[in-house]
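Here's the letter readout for the chains.
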There are 2 protein chains.
Amino acid sequence: MTAVKPGQPAHHGWSEDPVDLRTDSLSLMKELSRPSPSRIVLLVVDGIGGLPLVGTGRTELETARTPHLDALAAGGVCGLADPVAPGITPGSAPGHIALFGFDPLTSDIGRGVLEAVGIDFDLLPGDVAARGNFCTVDGAGTVTDRRAGRISTEECTELCRLLDGLTLSGATVVVRPVREHRFVAVFRGEGLVAGVTESDPQQVGLAPVAISALSPAAEKMAEVARQFVARAGEVLADRHPANMVLLRGFSRRPHFETMTEVYKLKPAAIAGYPMYRGLARLVGMETLETGATVADQFSALKRHYADFDFFFVHVKGTDSAGEDGDFDRKVKVLEEVDEALPELTALRPDVVVVTGDHSTPALLKAHSWHPVPVLLSSPQCRPDGVNEFSERACIMGGLGRIRATQVMPLAMAHALKLAKYGA
Amino acid sequence: MTAVKPGQPAHHGWSEDPVDLRTDSLSLMKELSRPSPSRIVLLVVDGIGGLPLVGTGRTELETARTPHLDALAAGGVCGLADPVAPGITPGSAPGHIALFGFDPLTSDIGRGVLEAVGIDFDLLPGDVAARGNFCTVDGAGTVTDRRAGRISTEECTELCRLLDGLTLSGATVVVRPVREHRFVAVFRGEGLVAGVTESDPQQVGLAPVAISALSPAAEKMAEVARQFVARAGEVLADRHPANMVLLRGFSRRPHFETMTEVYKLKPAAIAGYPMYRGLARLVGMETLETGATVADQFSALKRHYADFDFFFVHVKGTDSAGEDGDFDRKVKVLEEVDEALPELTALRPDVVVVTGDHSTPALLKAHSWHPVPVLLSSPQCRPDGVNEFSERACIMGGLGRIRATQVMPLAMAHALKLAKYGA
């Protein structure tokens, strides 16, 4: 949920209301943003930030040969961004939502919703999505394998067909496969709210937990979910090892204002992975077809350059390599980005931002809390003496240490898309 | 409006209320500030921040020869301030209000109010001020010139006399000339609130827009304003080209606590331009007579140095040169400030702050969002290795990147005017 409440006026300089509503950057953006022909490219290199390799003392970004990024840094302004807050390790959803300018602390995207947008499933307002596992239970109903031996995606797809379309107490359940044992269950109907407990006992040797409502308003959702679990048990009885389901992360699609409403932009996303396309669609971006490589993505950017004024380009390989603990592969993906960069800069966007949604140091094999390097290039930059794009160089950058939510206001300002605030 | 609501206790450490009231720096200042003989001089060099000139790569401040400012920086502590927030370009009012320590996002100063304070007009609480234009309408009532051919200020003054003092539905209208076709209309009477639409159609070929209330509470204001416009049409009928008026920016004087209430200071303003004197009076400063040059202003400071413990000195020339796109003139004004500086420092104020209300790069010919260099000099500074006062040097300053609202708490601290917080 955004901090701007529905029905709140975008311009209220005349308001006699003693409570001023212009207290967050989104409402400020709504008030000050102006459409213009200038173009912004936000290049998100997923998990870009790293930690130094013992021996060289250099991070992935400091190890990679990146002459084009360094040149962009030399002419631009750099800094470090905290996606959520210092010390907080963000998931992919808050990391991206913050870069789009929405407060990740008040914009909760549940696991069920993320799983649904991750398979390009279009959630309707009011839908409650849950993340499902097929699992194995024994004769006593005790879970013996929470992942049903990681059945194949084909098997998962077939089982989902058996469960899809059930009608329970007036609600419909849409069931879609994700991968291996994972699926999404979307509960659609009147009066469903997300506040129910999960059925996954989180360890083997226990029975699935009965789903219960966390508030009286959620009683119907709890009842429908319990019925779904019971019916799934019947339908799957002879499908060992996938003879039961576990449900987690019941959640509703949060309401975001669109980037068009907030920034008056016509925004597009160029992302190879469905989850990032899904996140982009949550804030109103159009998603464009693209091939798998960075060069493919930049080609897609070139192809559609005339049709939009904001492009979110998502590079996944850096994060995957970081998660795998593969320092050298992360370096290689960074070099691949750098090599392809001239195709992007040749378009002469008014503003180019290069940053990440979080750090993923190969050393940690996981997302981390370390701040993320940010590079902003535009003819309106005040240069800062940083002539290299690296974690260490960015400490000295003119942007200082910012919140990731400030990246969009800064990009909008440098694209000359913001009116002056106040008389 | 300040963030501290009337009736809110200044000290509330014992409160059982779960809502913490000490959420803004103003209430902290009220709680911790102590009167003392130490003196603070806040030198606001309007629009001080700039952008580099192509060719030299140096900003106005980096180009200017400023040995005295550089020496002050070497012995002091520097940083960069965002007047409102990163990416936001401030008007003069929010830029100054922030430097005085008041949150510019919750302190809305409307255009009408700013126009009124800009001609030294003392608004009373409850007054609604609007910014007026004399304009030309044809026989059908269509606006043919929104500025009435920019009539002379003398003509404007004469026409204002014709409209001044009208009584409409129990409200009095005070009309004062500003310059050329511009005037201020102040509506004074019971039950007037500012929430009404504007009559200026913003383009020729349209009739003035009928003023209407934005809420039921504003019906009376709308009625009085409509009557004023109708009467103005009658009175001015034969004064072509100035045969009608357009009204914009209806606003009420916002309530600010005074700097004496917040900081226990006795504050004075030395500003050549009425708007800045007006802004200073809004927060309770006394305004002192001064000549036009920086040297004149510093002489006024010297003359009144014994009578106050806080001085806001406003230098306008830098902003005007920036707005005109005149890089060299801005450099020259900066050098003029530097040359006069010894007269200020000879007074040995306990704290000297040199900063701006916003950046006005000559390159952009306008206010901009770029952060503003800040220099704080005091015997209590922790020096930071910065020995030059420039945008780039300030990146490395010990103050880091701060909000402009933090300048006053820092000045108060270095003047040893703040008690310890907490046991």
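Residues numbered from 1 in each chain as written. Chains lettered and ligands numbered in written order. Predicted model: local features only at pLDDT ≥ 70, side-chain atom pairs only at ≥ 80, totals over all residues. Heavy atoms only, no water.

### Observations regarding the confidence of the model for chain A
Keep in mind that low pLDDT regions are not for reading the predicted coordinates in detail.
Residues and elements named next belong to chain A.
Part 1: Of all residues in chain A, 94% have pLDDT values of 70 or greater, and the mean over the chain is 92.
Part 2: Every residue in residues 1-23 is under pLDDT 50, and counting partners more than four places away or in other chains gives 47 contacts.
Part 3: Among the scores for the predicted complex, ipTM is 0.86 and pTM is 0.87. (pLDDT = per-residue confidence, 0-100. Contact = heavy atoms within 4.5 Å.)

### Brief notes about helix 1 (residues 25-32) of chain B
Note on helix geometry: an α-helix contains 3.6 residues per turn, so any two residues three or four positions apart are oriented the same way.
Part 1: Along helix 1 of chain B, the positions that sit buried rather than exposed are Leu26(B), Ser27(B), Met29(B), Glu31(B) and Leu32(B).
Part 2: Buried positions along helix 1 of chain B lie against helix 8 (259-263) and helix 14 (407-414) of chain B. (Buried < 20%, exposed > 50% of the residue type's maximum accessible area, 1.4 Å probe, protein only. Helix = DSSP H or I, 4+ residues; strand = E, 2+ residues; numbered from the N terminus.)

### So, the interface of chain A and chain B
Part 1: If you look at the interface, chain A gives 32 residues, while chain B gives 39 residues.
Part 2: In total, chain A and chain B occlude about 2900 Å² of area from one another, counting both sides; carbon and sulfur atoms represent 62% of this.
Part 3: Linking chain A with chain B are zero salt bridges, by the criterion used here.
Part 4: Here chain A and chain B share 12 residue pairs in polar contact (both at pLDDT 80 or more) between them.
Part 5: At the level of elements, helix 1 (25-32) and helix 14 (407-414) of chain A are the ones that each hand at least two residues to the side of chain A that touches chain B.
Part 6: It is helix 14 of chain A that contributes the most residues to the side of chain A that touches chain B, four residues altogether.
Part 7: Its residues assigned to classes, the side of chain A that touches chain B shows 15 nonpolar, 11 polar and six charged. (Buried area = accessible area lost by both parts, 1.4 Å probe. Salt bridge = Lys/Arg side-chain N within 4 Å of Asp/Glu carboxyl O. Polar contact = N/O pair within 3.5 Å; in protein donor to acceptor, adjacent residues only side chain to side chain. Nonpolar A, V, L, I, M, F, W, Y, C, P; charged D, E, K, R; others polar.)

### What about the environment of Ala242(A)?
Residues and elements named next belong to chain A.
Part 1: Mapping Ala-242 onto the fold places it in the loop between helix 7 (219-235) and strand 8 (244-252).
Part 2: Residues Ala-242 and Thr-287 lie 45 residues apart in sequence; the distance between their C-alpha atoms is 35 Å.
Part 3: In this structure, Ala-242 is in contact with Phe-134, Cys-135, Ala-148, Ile-151, Leu-159 and Leu-236, ignoring residues within four places of it in sequence.

### Let's talk about the pairing of strand 2 (residues 77-82) of chain A
Each regular strand shows side chains that alternate between the opposite faces of the sheet.
All names here are of chain A.
Part 1: Counting buried residues along strand 2, six of its six residues qualify, which places the element largely inside the surrounding structure.
Part 2: The two faces of strand 2 match: Val-77, Gly-79 and Ala-81 on one face and Cys-78, Leu-80 and Asp-82 on the other face are all buried.
Part 3: Summarising the sheet, strand 2 and strand 13 (residues 372-377) pair through five bridges and their orientation is antiparallel. From the neighbouring strand, Gly-79 faces strand 13, where its bridge partner is Val-374. (Pairing = 2+ DSSP bridges.)

### Details of empty space enclosed by the protein
Part 1: Tallying each qualifying case throughout the model produces two cavities of 30 Å³ or more.
Part 2: In this structure, the largest cavity encloses a volume near 130 Å³.
Part 3: Val77(A), Arg382(A), Gly398(A), Pro371(B) and Arg401(B) are, among the 15 residues lining the largest cavity, the residues nearest its centre.
Part 4: Broken down by secondary-structure element, the contributors of at least two residues to the lining of the largest cavity are helix 14 of chain A together with helix 13 (391-395) of chain B.
Part 5: By residue number, the principal contributor to the lining of the largest cavity is helix 13 of chain B, which donates three residues.
Part 6: In terms of residue class, the lining of the largest cavity is made up of eight nonpolar, three polar and four charged. (1 Å grid on protein atoms, 1.4 Å probe; cavity = no way out; pocket = protein on both sides within 12 Å on 5 of 7 lines; lining within 4 Å. Points joined across faces, edges and corners; volume = space filled by probe spheres on them.)

### Description of the sheet that holds strand 1 (residues 40-45) of chain B
Sheets are built from strands paired through backbone hydrogen bonds, the pairs being either parallel or antiparallel.
All names here are of chain B.
Part 1: Here eight strands make up an open sheet; going across it, the order is 10-9-11-1-12-13-2-14 and the pairing mixed. Strands with a single pairing partner mark the edges of an open sheet, and in this sheet they are strand 10 (286-287) and strand 14 (400-403).
Part 2: With two bridges connecting them, strand 9 (residues 267-271) and strand 10 associate as parallel partners. Residue pairing in the sheet places Ala-268 in a bridge with Glu-286 of strand 10.

### Examining the sheet that holds strand 13 of chain A
Residue and element names in this part refer to chain A.
Part 1: Reading across the sheet, the eight strands line up as 10-9-11-1-12-13-2-14 and stay open at both edges, with mixed pairing between neighbours. The sheet terminates laterally at strand 10 (286-287) and strand 14 (400-403), the two strands that pair on one side only.
Part 2: As defined by bridge partners, strand 2 adjoins strand 14 across four bridges and the pair is classed as parallel. Opposite Ala-81, over in strand 14, you have Ile-402 as the bridge partner.
Part 3: Most of the contacts of helix 3 (residues 67-75) go to strand 13, to which it runs at about 65°, and overall it touches strand 2, strand 12 (351-355) and strand 13. (Axes fitted to C-alpha atoms, helices over the stretch in contact; angles between N-to-C directions.)

### Remarks on helix 4 (residues 92-99) of chain A
Residue and element names in this part refer to chain A.
Part 1: Here helix 4 lies mainly inside the structure; seven of its eight residues are buried.
Part 2: All buried positions along helix 4 are accounted for by Ser-92, Ala-93, Gly-95, His-96, Ile-97, Ala-98 and Leu-99.
Part 3: Check the buried side of helix 4 and you find it contacts strand 1 (40-45), helix 5 (111-117), helix 9 (274-282), strand 11 (310-315), strand 12 and helix 14.
Part 4: Backbone geometry just downstream of helix 4 places Gly-101 in the positive-phi region, at approximately 100°.

### Some points on the pattern of salt bridges
Part 1: Throughout the structure, instances matching the rule amount to 41 salt bridges over all chains.
Part 2: We note a salt bridge from Asp120(A) to Arg281(A), for which the minimum N-O separation is 3.2 Å. On the criterion of sequence distance, the pair formed by Asp120(A) in the loop between helix 5 and strand 3 (128-137) and Arg281(A) in helix 9 is long-range, its members being 161 residues apart.
Part 3: Overall, Asp120(A) belongs to the partly exposed group, its relative accessible area being 32%.
Part 4: Overall, Arg281(A) belongs to the partly exposed group, its relative accessible area being 24%.
Part 5: Among the ionic pairs, Asp326(B) bridges to Arg329(B), the shortest N-O distance being 3.6 Å.
Part 6: By relative accessible area, Arg329(B) is classed as partly exposed at 32%.
Part 7: If you follow the salt bridges from partner to partner, you end up with Asp120(A), Asp122(A), Arg277(A) and Arg281(A) in one network.

### Observations concerning the side chain of Asp200(B)
Residues and elements named next belong to chain B.
Part 1: Mapping Asp-200 onto the fold places it in the loop between strand 7 (182-188) and helix 7 (219-235).
Part 2: Engagement of the side chain of Asp-200 in a polar contact is seen with the side chain of Arg-146, the distance being 2.8 Å.
Part 3: Reaching out from Asp-200, the side chain makes a polar contact with the backbone nitrogen of Gln-202 at a distance of 2.7 Å.
Part 4: Excluding anything up to four places from it in sequence, Asp-200 contacts Arg-146, Val-209, Leu-246, Leu-247 and Arg-248.

### Topic: the environment of Leu282(A)
All names here are of chain A.
Part 1: Within the secondary structure, Leu-282 is located in helix 9.
Part 2: As a C-alpha pair, Leu-282 and Thr-258 span 24 residues in sequence and 7.7 Å in three-dimensional space.
Part 3: Dropping the residues within four chain positions of it, Leu-282 is found in contact with Ile-109, Val-117, Arg-253 and Phe-256.

### Points about the packing of aromatic side chains
All names here are of chain B.
Part 1: Scanning the model with the defined rule gives 16 aromatic pairs over all chains in all.
Part 2: Taken together, a centroid distance of 5.0 Å and an interplanar angle of 75° make the contact between Phe-100 and Phe-312 edge-to-face. With Phe-100 in the loop between helix 4 (92-99) and helix 5 (111-117) and Phe-312 in strand 11 (residues 310-315), this pair connects stretches of sequence that are 212 residues apart. The same class applies to Phe-100 as to Phe-312, namely buried.
Part 3: Measuring from ring centre to ring centre gives 4.6 Å for Phe-134 and Phe-183, while their planes differ by 45°; the resulting arrangement is tilted. Of the two residues, Phe-134 sits in strand 3 (residues 128-137) while Phe-183 sits in strand 7, which places them 49 residues apart along the sequence. (Phe/Tyr/Trp six-rings, centres within 6.5 Å; stacked < 30°, edge-to-face > 60°.)

### Some details on the relation of the copies chain A and chain B
Note on the chain copies: they are related by a rotation about an axis and a translation along it.
Part 1: Placing chain A over chain B gives an RMSD of 0.2 Å and needs a rotation angle of 123°, together with 0.1 Å of translation along the axis. Here the copies are linked by what is in effect a three-fold axis. Minimal C-alpha distance to the rotation axis in chain A is attained by Met396(A), lying at 3.9 Å.
Part 2: When the interface residues of chain A are mapped onto chain B, a mere 3% of them are again interface residues, pointing to distinct binding faces. (Least-squares fit on C-alpha atoms with pLDDT ≥ 70 in both.)

### Focus: the state of the cysteines
Part 1: With the rule as written, the count across this model stands at zero disulfides over all chains.
Part 2: Of all cysteine sulfurs, the one in Cys78(A) lies closest to Cys381(A), which takes part in no disulfide; the gap is 8.7 Å.
Part 3: Look at Cys381(A) and you get buried, because its relative accessible area is 6%.
Part 4: In this structure Cys78(B) is not part of a disulfide, and its nearest cysteine sulfur, from Cys394(B), lies 4.3 Å away. (Disulfide = S-S within 2.5 Å.)

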